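Chain by chain, the residues:
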Amino acid sequence: MISLRIECTGRRPVHFFLKQAAVVAGLALAAMPLAAAPAAAAPVAASTGMSVGDFYTARHGQPLWFGPSSGYAAQAFVELLKNAKNDGLDPQQYGLDALQKALADAASGKRKDIGRADAMFSQAFASYVSDLRQQPDIGIIYVDQQLKPGMPLPRGILEKAAAAPSLETYVRTMAWMNPLYGQLRQALDDQHYASDHERELLQLNLERARALPTGKGRFVVVNAAEQRLYMWEDGKPVDSMVVVVGKPKNPTPLMAAYIRFASLNPYWYVPPDLATERIAPKVLKQGLKYLDQLGYEVMSDWTKDATIIDPKTIDWKGVANGTVDVMIRQKPGPHNSMGRIKFMFPNEQGVYLHDNPERELFTEASRLYSGGCVRLEDAWRLSSWLFHRELTWEGHGTEEPVALEPPVPVYITYLTAMPNGSSIAFFDDVYGRDKARLAVLQGQGGTVSAAK
């Protein structure tokens, strides 16, 4: 059995919450009106560097968890904490027993008991959400560091919760996380798995889902394990398409970056391994006419001043057996492996999303054919969604850039367990990442450290 547990910096004993709650409760009681609170307090803009106490001061001591419109939010949070081990967290780290007692005491209706319980729940909730937003080191390449989950501050956490139409629903659905996280977590809570291995996969994929964004913004998610791309908007996927991803020997990496521009009529800069494996053998078999027919050019280098080299001067047998290096690009056209458009999020790995003329690959059940990039089933549909208008390659020059303002984040992930309606769909571990991660966890005694 593997239990995922996050070792956070600054571990908090239970008495930490009791002490903090006592301080905050004093602030809350001092400001709490004797009359019943209104049905809903006016939302307060989130600010930085603010504590739980500041949250209560800003709302004049109005309770969050035990107000007239709170519903069963406190009970929902207790139930969530009871299963916190599914998040890789220790329920008692948040004073679960003390919270349950405070919940019972608050039922008395006494002003002091309600103030103390409300402060305790807010302190525990802020700490729990903060811990969940810490990202375990699972190998994601953050091309743009702004996309790396940050450490939310207590007041901001509580203000977002207070602004929710229903605090109870907000807590039950874990709405501060990406919806996929809440659904995978619920599957674990409800034991919707057929074996211990499926349970382990759900836990592993919770780690990966933790890195996905929250909120209502627009972003793209590529699930390499599923070989599918999703367009997200308003907190949900609004469209999707199948994609082709990297071969097992050239896996598409986990990555987060901003799509900054599209390139119309792109060149294809042939990777060295494909020059050896694909192009050189065909040149040897069909002759140099093969290069002309498909628009390949041999280049002196990849600089802007590069010159075209006569292919007759190349030792193609040496290229085929890997002893001679050659730089080849393919001109824009109907045979170009980039198709007519590619979407750029500049990175050292040379990974991007692009069109592709080999349409038959998209009908395959397993679509692991690329050198690491993501080939799109319908690049123009994606371009319309990204740019809010139709783009076309016709009438444009070679590698003509079209800026995307504002840039849209893309998250390349590897979810081998995905919500599918009321069930969970499991996908093959095509890159062996599940197997490798499980081996690491077993070697660590089942402990994952998120304090990086």
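Residues numbered from 1 in each chain as written. Predicted model: local features only at pLDDT ≥ 70, side-chain atom pairs only at ≥ 80, totals over all residues. Heavy atoms only, no water.

Participant: Let's hear about the overall build of the chain: which residues, and what values?
Facilitator: A tally of helices and strands in the chain yields 14 helices and 16 strands. Scored against the burial criterion, the 452 residues of the chain give a buried share of 50%. Excluding contacts between residues fewer than 6 apart, the proportion of contacts in the chain whose partners are at least 24 apart in sequence is 72%. A total accessible area of about 20600 Å² is found for the chain, and carbon and sulfur atoms account for 53% of it. (Helix = DSSP H or I, 4+ residues; strand = E, 2+ residues; numbered from the N terminus. Buried < 20%, exposed > 50% of the residue type's maximum accessible area, 1.4 Å probe, protein only. Contact = heavy atoms within 4.5 Å. Areas by Shrake-Rupley, 256 points an atom, 1.4 Å probe, with all protein chains shown as cover.)

Participant: Give a detailed account of the pattern of salt bridges, specifying residues and quantitative values.
Facilitator: Following the criterion strictly, the structure yields 18 salt bridges and no others. We note a salt bridge from aspartate 355 to arginine 359, for which the minimum N-O separation is 3.9 Å. Given the relative accessible area of 36%, arginine 359 is considered partly exposed. (Salt bridge = Lys/Arg side-chain N within 4 Å of Asp/Glu carboxyl O.)

Participant: Outline the pairing of strand E5 (residues 255-264), supporting the account with residue identities and numerical values.
Facilitator: Across a regular strand the side chains alternate sides, sitting on one face of the sheet and then on the other. Counting buried residues along E5, 8 of its 10 residues qualify, which places the element largely inside the surrounding structure. Two elements, strand E1 (residues 141-142) and E5, share 2 bridges in a ladder whose sense is parallel. The partner of isoleucine 141 across the bridge, within E5, is methionine 255. The pairing of E5 with strand E14 (residues 400-413) spans 9 bridges and is classified as antiparallel. Within E14, the position partnered with alanine 257 by the bridge is valine 410. (Pairing = 2+ DSSP bridges.)

Participant: How would you summarise the packing of helix H3 (residues 73-82) against helix H5 (residues 111-132) if you had to cite specific residues and measurements?
Facilitator: Packing of H3 against H5 brings their axes to within 12 Å, and their N-to-C directions diverge by 45°. Regarding the angle of H3 to H5, the classification is oblique. With respect to the hand of their crossing, H3 and H5 are arranged in left-handed fashion. Here H3 contributes Ala74, Phe77, Val78, Leu80 and Leu81 to the contact with H5, which in turn contributes Phe121, Ala124, Phe125 and Tyr128. Of the residues assigned to the contact of H3 with H5, the class counts are 9 nonpolar, no polar and no charged. (Axes fitted to C-alpha atoms, helices over the stretch in contact; angles between N-to-C directions. Parallel < 35°, antiparallel > 145°, perpendicular 65-115°, else oblique. Left-handed = near helix turned anticlockwise from the far one by under 90°. Nonpolar A, V, L, I, M, F, W, Y, C, P; charged D, E, K, R; others polar.)

Participant: Please provide a residue-by-residue account of the confidence of the model for the chain, values included.
Facilitator: Of the residues in the chain, 87% reach a pLDDT of 70 or more, and the chain-wide mean stands at 87. Looking across the chain, the model is least confident in helix H1 (residues 14-31), with a mean pLDDT of 49, and most confident in strand E2 (residues 219-223), with 98. Counting contacts from residues 1-11, a segment whose pLDDT is below 50, to residues more than four positions away or on other chains yields 43 contacts. Below pLDDT 50 for its whole length, residues 447-452 participates in 25 contacts with residues either more than four positions away or in separate chains. (pLDDT = per-residue confidence, 0-100.)

Participant: Go over the packing of helix H4 (residues 96-106) against H5, please, and point to the residues and values.
Facilitator: Their axes nearest at 8 Å, the elements H4 and H5 cross at an angle of 150°. Between H4 and H5, the angle is such that the two are roughly antiparallel. Crossing angle aside, the handedness with which H4 passes H5 is left-handed. Residues Ala98, Leu99, Ala102, Leu103, Asp105 and Ala106 of H4 form the contact with H5, whose own contacting residues are Asp113, Ile114, Ala117, Met120, Phe121 and Ala124. Of the residues that constitute the contact of H4 with H5, the class distribution is 10 nonpolar, no polar and 2 charged.

Participant: Explain the packing of aromatic side chains to me, using residue names and the numbers behind them.
Facilitator: Counting across every chain of the model gives 19 aromatic pairs. Judged by centre distance (5.2 Å) and plane angle (85°), the ring pair of phenylalanine 125 and tryptophan 176 falls under edge-to-face. Within this pair, whereas phenylalanine 125 is found in helix H5, its partner tryptophan 176 is found in the loop between helix H7 (167-172) and helix H8 (179-189), the two being separated by 51 residues in sequence. A single burial state applies to phenylalanine 125 and to tryptophan 176, both of which are buried. Taken together, the aromatic side chains of Trp65, Phe66, Phe77, Tyr94, Phe121, Phe125, Tyr128, Tyr170 and Trp176 make up a single cluster linked through ring pairs. The cationic tip of arginine 329 hangs over the ring face of tyrosine 267; the distance from NZ or CZ to the ring centre is 4.0 Å. Positioned above the aromatic ring of tyrosine 414 is the side chain of arginine 433, whose terminal nitrogen or guanidinium carbon lies 4.9 Å from the ring centre. (Phe/Tyr/Trp six-rings, centres within 6.5 Å; stacked < 30°, edge-to-face > 60°. Lys NZ or Arg CZ within 6 Å of the ring centre and 35° of its normal.)

Participant: So what's going on with helix H10 (residues 272-286)? Residues and values would help.
Facilitator: With 15 residues, H10 should reach 21 Å at 1.5 Å per residue; the first-to-last C-alpha distance of 20 Å fits that figure. Approximately 35° is the largest bend angle found in H10, and it occurs at isoleucine 279, with the proline proline 281 only one to four residues beyond. Here H10 has its buried residues at Leu274, Ala275, Ile279, Ala280 and Val283. Close packing links the buried residues of H10 with strand E6 (268-269), helix H11 (289-294), strand E7 (296-299), helix H12 (316-320) and strand E9 (327-330). Among the residues trailing H10, glycine 287 stands out with phi positive, at a value near 90°. (Expected span 1.5 Å × (residues − 1). Bend = angle between axes of the 7 residues up to and from the residue.)

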